[in-house]
Each structure stands twice: as structure tokens, then as C-alpha cells.
Amino acid sequence: MKLLRKLFGAKSKVEPVKAIPLPVAEVKPPKPVITLDAVENTNDEQELLKLAIDGATSQLRQAAAEKLHTREVLEQVAKAVKTKDKNVFKIVKTKLETFKAEDAKLAELETTAQRICEKLERHSHLEADALFKAKLTVLQNEWATLPSLSDASQERFNSALTACEAKILARAQAIADEEEKQTLDQQAQQLAEEALISLKQLATNIYRHAHIDDLLNANYELKIQELSNAVRLAANRQLPLDKLTKEFEYRKQQTLNLIDQIKTSGTITQLNQTLEQTNDADLIKQAQYKLQQFTKLAKDLGDDIPEALEQAKTKINAFFAERNQAEQATKNALREFNELARKGLWAAEQGFVRKARAIQKELQEKREQLTSFTQELPKAIQTKLDDFEAQLIKLGDWHEFAVTPKKEALIEQMRALASNQINPETLATRIHDLQDSWKEVSKGAQQQDDDLWQQFQQASAIAYTPCKEFFEAQAAEREANLTKRRELVSQLHQYLNGYDFANAVWKDVEQTLKTARAEWQNYWPVPRKAGNDLQKEFEGLMEQLFGKITHEHETNKTAKQQLIEQAEALSNSEDSRTAAEQIKLLQGQWKIIGKSWPREDHQLWQEFRKHCDAVFAKRSEAFEAAKEQRQAITTRAEEIIARLNQLAEQSLEQINNAKDEIESLKNEFSALVLPKEATKSAQQKFTNSLNAIAAKRDSARHQAEAQRWVDLFNILDAIRAYEVEVISNANTERLATQKAELENRIDTISRWPAGTLNAVQQRLAKADAIQASDQAHNANLLRILTIRAEIFAGVDTPESDKPLRMNYQVQQLQQGLGQRDSQFEPLLIEWIGLGGVTGETYSSLFARFNQIRQQSVNK
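All values derive from a computational prediction rather than experimental measurement.

## Description of the overall build of the protein chain
In step 1: When helices and strands are tallied, the protein chain shows 31 helices and zero strands.
In step 2: Looking at the protein chain alone, contacts between residues at least 24 apart form 75% of all its contacts between residues at least 6 apart.
In step 3: When the accessible surface of the protein chain is summed, it comes to about 55,300 Å², and 51% of that surface belongs to carbon and sulfur atoms.

Encoded structure:
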């Protein structure tokens, strides 16, 4: 309390106030009392108006206000009670807001009507394409949802509607003319196509004639000429019949060639009769040549080969096949005979007497069989046979003398195999070959040499050691593979018994089949007998699994055939839009159905797709027209965006001059009905373009704002320099020149921060009266002003001025209970008014003050 007394001083004594007698008001007679019943019983708006304003009680005024419904009266009450009775004002305001809401709703309806009229007017300028009437109906439906509108809006709508209906009538007449032309063109097209079909049928009939006389009597050349005249008449309508005409002319020429061919070579029936009556190769070759000519003509015409022609071709092929078979049998027999003679010659040369003699006997038997094919052997085979006979005679003479050296050679070869690093299977084969050779050599000998035999056996055992290990490993591998195959069979049993084939993923089932087959092949080799039994069981399981897949494929095939029938029916529907929607549903069902057999599945898909394409083709014209319109709208949107981008690149002055154009482009873009797929991108680009223009404007505005502050403080600094000159008693003329320059600079600045120009002018006007004593005083005030700005901004004061800040705050507490500056603008005006401060003091204080000014501007 003592501290407060020191700050605020001692409390002065308060003298008692003498009572003053109150004047007595004149007594007036009481007003008549109006009750709530009077309000309930009256509907007079004027009476209710008075009660709502001047009613004796709040309840009475509120009840009267509740019964008011006229807008003018409600507005009078609101004006009268706005500051007198907030409850009545609240009731009246609520009722008036209802009227305002209705006004807003009517304004919105009128805006909607004008928007529909604008769309309809733009629509009336478009071409009456396939979507023209549909869009018109949409606009009419939108208009029909609106309640009663102004006569001007209704008249504008009716005028645009009349223009659109005129476009539709003109389009309908053009369509009728086009349909008539299309009907005639279609008839001409059909006539040409029928002529081509008839020409094809003529070619088929030509093949069926049994005699040339029948062909001549049919007079086909005249019929072909009549068909040619029909095609020429159809082509005169300038239809796209080039392909058909070309095909007709080609078939016409080929058909005439066929007639000439039959006249020259005879009919196909006569050709068949010739083939049945002869076996002569030359005649059959002639018939084959004629057959090839007929076949070539049929292929050139693109027709199926006639049955009679196929019969003739079959007979000729059978003749030559039998002949080729006999020739091949002869070649095979000679090849076998030659190979047997080669083996016999080798056996004789190697000294295998018994084997050579067995081959000699077999050759004699085969020679007797060859007599049915050929009487003489080819020279090379006969020479080889003679060499074999000669070598066999020599072998009989020298056999006894050559056996022992051969056995010794076989022993050396067997011993050499023991140290030979070759594949065990190849080694085993060579060992068996040497053993067979030993048997062959020993067969013809009169006595056996046991010592050589023991040596050969011992060398065989040593050489076979690596083979034994190899074959034991193979046997172990076969047993392991057999075990894996048994496990695989067990897994297949579990799979077939446990898998839910009713909800199967058939792709996985097929993969299981392939994987099981692949793993089965990998688990090889296996023991023969056990492997054969297991193979039968495995194949049975594979058949079961494949049968389930087959059943699924057949079920899917049937389901797809049903969808094809439905799609075919839809392709003949007149309602293309509904048909297209139904086709999409069928396509969805098609995707759900699983696969059938790959080849058939592809064919089914092609047939289904053909009907789908036929349905979608009926919608293509309307879609194409809509696509062109959407493209035009998108192109226009891109043009608008491009123009806005060009404007964004221009100067601020050019942008301001193009304000009306920018607004027009904005309105035009907003009126465009963009395609759904392009809306997001175009809208984003449009927004970016507008933002670029706005950013350029903002940037220029910020630069101008910054420049105004620069100009202000530069002028203030120049005035301060002038004031310093005045204090230092500078030359009068010089001061006059400086002041004139300052006034000129002030006049040349067009934009100033708000409220600063007047303060600057006042300071310049007082500059001539400033004195040296004002300099220190203003410097102290400027410092206090800077501290006030720092207190306002909540910024710390430098250490050197903190005592001054504390002293200022204490004085404020003493004088105004801690009041502080709440706005920066008054501080700025005071700053402008303080002049004559020296440059050193001003610079440091200005840096602090300007920093706070920048912070206040950025807030």
C-alpha cells in the first residue's frame, strides 16, 4: 500500500454531497389498458403496428409482432424498435428474413432461367446432329422444373426453342432425302451382290454337268453377260463397288476359262469314268494334269472343291500312293539286304565264322524274297555280296590259325579298358562287345584255351569295377524316383478326394495337371516292373483329373454358346442403346465364365465378338458426333487457357487494359460443358492461368506498396537534412533552393502510405521555424516513440534504452493505469512530425522503428 501511495499519491478526502430536493412530476390520468385478447381479436395491420411499437408490455408487443405479415409494416416496426425492444426486433427480423429468402430464391430461379436460355440459344446455333434433340429435351426438362417466371424470360426461351425446332425440321427433311438415296443405293448394292452370288452358283452348276452337250445347251455365256450388265448398272450409281466389281470381273473371266477348259478336256464326270476304266500310268498322269487345272480354277474362284473333283483327286492319289508304297517297300528291302551284307562282310573280316555263316544263310532267304520286287540286285549291293562270299571262303581256311592271336588281342583290349577314363555306360557296352567277340571267336575253334579264358575273365572283372559302382548308384536312383512317384500318386489321391471342384479355380487345376505330369517325368528312371504298375495307377488318376477339366470346359462351352445366341439376337435389335447395355452385361458374364478348349474358345470368342461389334457399330455414329462436339469444346477451352497464359506473360498495364477480355474469357469458360475426362485437367489449367494473372497483379501491388514506403522515408530523410541546415544557419538562398526541390519531390510522388502526405507537408511547412533547442528535445521524443513502438510490437529494447523503457512504463502506470498504444499508424504520424534529429541518432532509431513497421505491415 505504501508503494501504491508513492506511485499515485495520497488519497484526497472526499467532501460529503448535500442532498438536492427532487422535483415532483405532474400526475397524469392512466392510459386505458390493452390486453392480449384485444391483439387476438384484431387483424388490422395498422393497429397491430402501433401495438408492436408502443404496447404497454413486452408480451403485448411480441404478440402484436407475431400477427404482422405485411412486409412494409414489418420493415416499419423493425426500424422503430431496433434499439428499443430486442425481442420484438428479433421476431420482426425473422419474418423479414423469410421475405429476403424468397427474394433470393426468386433471383436464383431467374438466374437459372437465364442460364438455360443462354444454353438454348447457343444450342440453336449448333448443327442438328444425332444428339441435338436429346440435348434439347434435357434443356426443356430443366425449364419445366422451374416455377412461374417473368414474361421476358419465357419469351426468350420460346424464341430459342423455336429456332431449335426449325433446325430439327430441316435436319429431318435432310435425313429423309438421305434415306431415300440410301434405299436406292442399297437396292443397287443388293443387285450387284446378288449378281456375284449368282455367278458363283453358275460356277458350281458348271462342275456338275456330265456331258459337254449339257454345258453348251445351258448357254452360260449369255447368263454371265446378263449378270455383268446388272453389275454395271449398279456401278453407275457411284457406289463404293470397286472391290465387288473387281471380284465379279475376276470370277467372270475365271468362269469363262472353266467353260473353255471343260470344252477342251471334258467334264469332271468323264474324267472319273476314264480313271475307273484304266490303270495305265500315262493316262492317269494326263488325268492328273487335267485335275490340277480344274483344281487351280476352283481355288482361283475361291470356291469349295466340287465333290466329283474330290473323287477324281482321291482316285489319282490312291493310285500314286499304292505305286509309291510298292517302290518304298522295294527300297526298304534293298536297304535291309545291303545292311545285312555289310554286317556279314565285317563279321568275315573280323574272323567271326559262325556269325558270318548265319548272315550268309539269312542273305540267301532274303534274296529269294527280293525276287518278288526285282530280278537283279543293284551293282553296288552285288559287289558287296561277292566280296562277302570271297572273304567267307578265306575265313574258313585261316580260322584255325587266327583264333589264338585274336583272343590275345581281346585280352589286351580288355586290360586297356581298365585304365581308360570313359563313361561307365560306354565302358560297359565296350566290355559286353569284347565278351561277344570272344564268344564269336571261340565258336569256330576246335579246342578252348582255359588259361587265356581265365586271363580274359580277370581283365573283364577289373574293367567292370567302375561300371558296377555306377549301376548300383543308378539302381539307388531308380528306387528313390520310384518312392517319389509313389508320393506323387498319394498326393493326387488326396487332391482328387479333398479338393472342392464345385468351386474350383480351374486355372490352378490345369496347372496341377501339368505340374504332376512334369514331376512324374522328372522322377525317372525307375525299376521296370514296379514302375509299370505305378504308371497305370498314375495314368488313371490323370484321366480322372483330366475328365473333371473336360467336364468344366464343356460346361463353359455350352454357357458361351448360349451367350452367343443372346448376342446374335441383340445384334438384330432396333434399340441399339438398350442392346449395347445388354451386350455389356453379356460381356461381363463372358468374363465370369471359365475357359473352354483353347481352339474352340478362340472360335467362340470370335463369333461372340462379331455380334458385339455389330451392336456397338449401330451406336458409333452417335458416339462419333458426340466425340467431335466434345473435342470442339475441349479445343475451345484450350484456346481460352492459351490466351490467358499469353496475357499472364504481359505487363501489368496490358493486363489491366485486358480486364474486360479476361472477364469475357472467364464467363465463356464457365459456360462450357467440358467432357468428364477433360474437366479436371482443363479446370486445373484454367485456375493456374487465372492464378498467374492474379499473382502478377499482387506482385506489382506489393512492389508499389514497398516503393511508397521507400519514397516516404527518403523524403523524411531529405527534410531532416534540410532542418539540420536550418539549425546550422545555412545560406538563405541555398535553403530556399533545397525547400523548392523538396516541394517538387513531394509533388512528383503520386502514391503515399495512407494518411502520411498531410503529415509530411505539415513538417516541411514547420521546418523553417526549427531551432537548435528543438533538436535534442525531438531526439528524446523520437527515442521514446521508438520504445513505444517496441512495446506495441512486443519487441525487446536494446540494453542501452531499457532503463528509459522502464521509466516510461512506470509513468504510464501512474497516469493511465497501464494503457498502451493499440495501433501503429498514430506512432507513424508522430514519427513524421519529429524533425531536426542528427543523422547518427536518427539512423539507429530509424532501423529499430522501421523493423517494427515492417512487422506490423506483414501481420
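## Structural notes on the packing of aromatic side chains
In step 1: Following the criterion strictly, the structure yields 17 aromatic pairs and no others.
In step 2: A centroid spacing of 4.9 Å and a plane angle of 25° characterise the contact between Tyr495 and Tyr499, whose relative ring orientation is stacked.
In step 3: The class of Tyr495 is buried, set by a relative accessible area of 18%.
In step 4: Residue classification places Tyr499 among the partly exposed positions, given a relative accessible area of 26%.
In step 5: An angle of 50° between the planes, with centres 5.8 Å apart, marks the rings of Trp590 and Trp605 as tilted. On the criterion of sequence distance, the pair formed by Trp590 in helix α21 (residues 576-592) and Trp605 in helix α22 (residues 598-648) is long-range, its members being 15 residues apart.

## A closer look at helix α24 (residues 659-671)
Three or four residues apart is the spacing at which side chains of an α-helix point the same way, because the helix has 3.6 residues per turn.
In step 1: Here α24 is 13 residues long and its end C-alpha atoms lie 19 Å apart, about the 18 Å a rise of 1.5 Å per residue gives.
In step 2: Along α24, the positions that sit buried rather than exposed are Ile662, Leu665 and Phe669. Within α24, the buried residues cover an arc of 60° as seen down the axis, which keeps them to one side. Along α24, exposed side chains directed more than 90 degrees from the buried face belong to Lys659, Asp660 and Ser670.

## A closer look at unusual backbone geometry
In step 1: The peptide bond linking Trp524 to Pro525 adopts the cis configuration, its omega dihedral lying at 10°.
In step 2: Looking at the element boundaries, Pro525 is found in the loop between α19 (506-522) and α20 (528-571).

## A closer look at the confidence of the model for the protein chain
Interpretation of the predicted coordinates at a detailed level should be avoided for regions scoring low in pLDDT.
In step 1: When pLDDT is averaged along the protein chain, the result is 77, and 84% of the positions lie at 70 or above.
In step 2: Counting contacts from residues 1-31, a segment whose pLDDT is below 50, to residues more than four positions away or on other chains yields seven contacts.

## What about the side chain of Gln775?
In step 1: Summarising the element assignment, Gln775 is placed in helix α28 (residues 772-793).
In step 2: Its relative accessible area of 19% is what places Gln775 among the buried residues.
In step 3: With residues up to four places along the chain from it excluded, the contact list for Gln775 reads Val724, Ile727, Gly836, Val837 and Thr838.

## Concerning a negative patch on the surface
In step 1: On the surface, Asp177, Glu178, Glu179 and Glu180 cluster together to form a negatively charged patch.
In step 2: By secondary structure assignment, the location of Glu180 is in helix α8 (residues 151-208).
In step 3: Under the relative-accessibility criterion, Glu180 is labelled exposed at 52%.

## As for the environment of Ala463
In step 1: One can find Ala463 in helix α18 (residues 450-498).
In step 2: With 46 residues separating them in the primary sequence, Ala463 and Leu417 have C-alpha atoms 5.8 Å apart.
In step 3: Non-local contacts of Ala463, meaning those with residues more than four positions away in its chain, are made with Met414, Leu417, Ala418, Leu427 and Ile431.

## With respect to the nonpolar core
In step 1: Ranked by size, the top nonpolar core spans 37 residues in total, and within it Leu716, Val760, Leu782, Phe824 and Trp831 carry the most contacts.
In step 2: Only α25 (676-727), α26 (732-748), α27 (756-766), α28, α30 (825-833) and α31 (839-858) provide two or more residues apiece to this core.
In step 3: Not counting the four nearest positions on each side in its chain, Val760 is found in contact with Leu712, Ile715, Leu716, Ile719, Ile746, Trp752 and Ile832.

## Describing the environment of Lys86
In step 1: Its place among the elements puts Lys86 in helix α6 (residues 86-124).
In step 2: With 28 residues separating them along the chain, Lys86 and Ser58 place their C-alpha atoms 9.9 Å apart.

## Focus: the side chain of Lys95
In step 1: Position of Lys95 relative to the elements: it lies in helix α6.
In step 2: No salt bridge is formed by the buried Lys95; its nearest oppositely charged neighbour, Glu66, is found at 4.5 Å.
In step 3: A polar contact of 3.4 Å, which involves the side chain of Lys95, links it to the backbone oxygen of Leu68.
In step 4: Beyond its immediate sequence surroundings of up to four residues, Lys95 is in contact with Ala65, Glu66, Leu68, His69 and Leu74.

## Topic: the packing of helix α4 (residues 58-66) against α6
In step 1: Where α4 contacts α6, the two axes come as close as 9 Å, and the packing angle between them is 10°. Overall, the two elements α4 and α6 adopt an arrangement that is roughly parallel. On α6, the residues that touch Ser58, Arg61, Gln62, Ala65 and Glu66 of α4 are Asn87, Val88, Ile91, Val92 and Lys95.
In step 2: Residues of the contact of α4 with α6, tallied by class, amount to four nonpolar, three polar and three charged.

## Comments concerning the pattern of salt bridges
In step 1: Per the stated rule, a full pass over the model turns up 24 salt bridges.
In step 2: Arg342 is the salt-bridge partner of Glu339, the closest N and O atoms lying 2.5 Å from each other. Here Glu339 pairs with Arg342, and both are found in helix α14 (residues 307-350), just three residues apart, close to one helical turn.
In step 3: Judged by its relative accessible area of 32%, Glu339 is partly exposed.
In step 4: Linking Arg636 and Glu668 is a salt bridge whose minimum nitrogen-to-oxygen distance equals 2.6 Å. Of this pair, Arg636 sits in helix α22 while Glu668 sits in helix α24, and the two are 32 residues apart along the sequence.

## Observations regarding the packing of α18 against α20
The description of two helices packed together rests on the angle between their axes and the distance between the axes.
In step 1: The interhelical angle for the contact between α18 and α20, taken along N-to-C directions, is 25°, at an axis separation of 10 Å. Between α18 and α20, the interaxial angle falls into the category roughly parallel. Pair α18 / α20 crosses with left-handed handedness. Residues Leu482, Arg485, Arg486, Leu488, Val489, Leu492, His493, Tyr495 and Leu496 of α18 form the contact with α20, whose own contacting residues are Ala530, Gly531, Leu534, Gln535, Glu537, Phe538, Leu541, Met542, Gln544, Leu545 and Lys548.
In step 2: Taken together, the residues of the contact of α18 with α20 sort by class into 12 nonpolar, four polar and four charged.

## Re α30
In step 1: Restricting attention to buried positions, one finds in α30 the residues Leu827, Leu828, Trp831 and Ile832. Taken down its axis, α30 places every buried residue within 140° of arc, on the same side.

## Digging into the environment of Leu563
In step 1: Along the chain, Leu563 turns up in helix α20.
In step 2: Residue classification places Leu563 among the buried positions, given a relative accessible area of 3%.
In step 3: On a C-alpha basis, the gap between Leu563 and Gln587 in space is 8.7 Å, while along the polypeptide they are 24 residues apart.
In step 4: Look past the residues within four positions of Leu563 in its chain and what remains in contact with it is Leu586, Gln589, Trp590, Ile593 and Phe608.

Definitions and cut-offs
- Residues numbered from 1 in each chain as written.
- Predicted model: local features only at pLDDT ≥ 70, side-chain atom pairs only at ≥ 80, totals over all residues.
- Heavy atoms only, no water.
- Helix = DSSP H or I, 4+ residues; strand = E, 2+ residues; numbered from the N terminus.
- Contact = heavy atoms within 4.5 Å.
- Areas by Shrake-Rupley, 256 points an atom, 1.4 Å probe, with all protein chains shown as cover.
- Phe/Tyr/Trp six-rings, centres within 6.5 Å; stacked < 30°, edge-to-face > 60°.
- Buried < 20%, exposed > 50% of the residue type's maximum accessible area, 1.4 Å probe, protein only.
- Expected span 1.5 Å × (residues − 1).
- Arc of directions from axis to C-beta.
- pLDDT = per-residue confidence, 0-100.
- Patch = residues over 30% accessible without salt bridge, like charges linked within 9 Å, V, L, I, M, F, W, Y side chains within 5 Å.
- Salt bridge = Lys/Arg side-chain N within 4 Å of Asp/Glu carboxyl O.
- Lys, Arg positive; Asp, Glu negative; His and termini not counted.
- Charge placed at Lys NZ, Arg CZ, Asp CG, Glu CD.
- Core = buried A, V, L, I, M, F, W, Y, C linked by side-chain atoms within 4.5 Å.
- Polar contact = N/O pair within 3.5 Å; in protein donor to acceptor, adjacent residues only side chain to side chain.
- Axes fitted to C-alpha atoms, helices over the stretch in contact; angles between N-to-C directions.
- Parallel < 35°, antiparallel > 145°, perpendicular 65-115°, else oblique.
- Nonpolar A, V, L, I, M, F, W, Y, C, P; charged D, E, K, R; others polar.
- Left-handed = near helix turned anticlockwise from the far one by under 90°.

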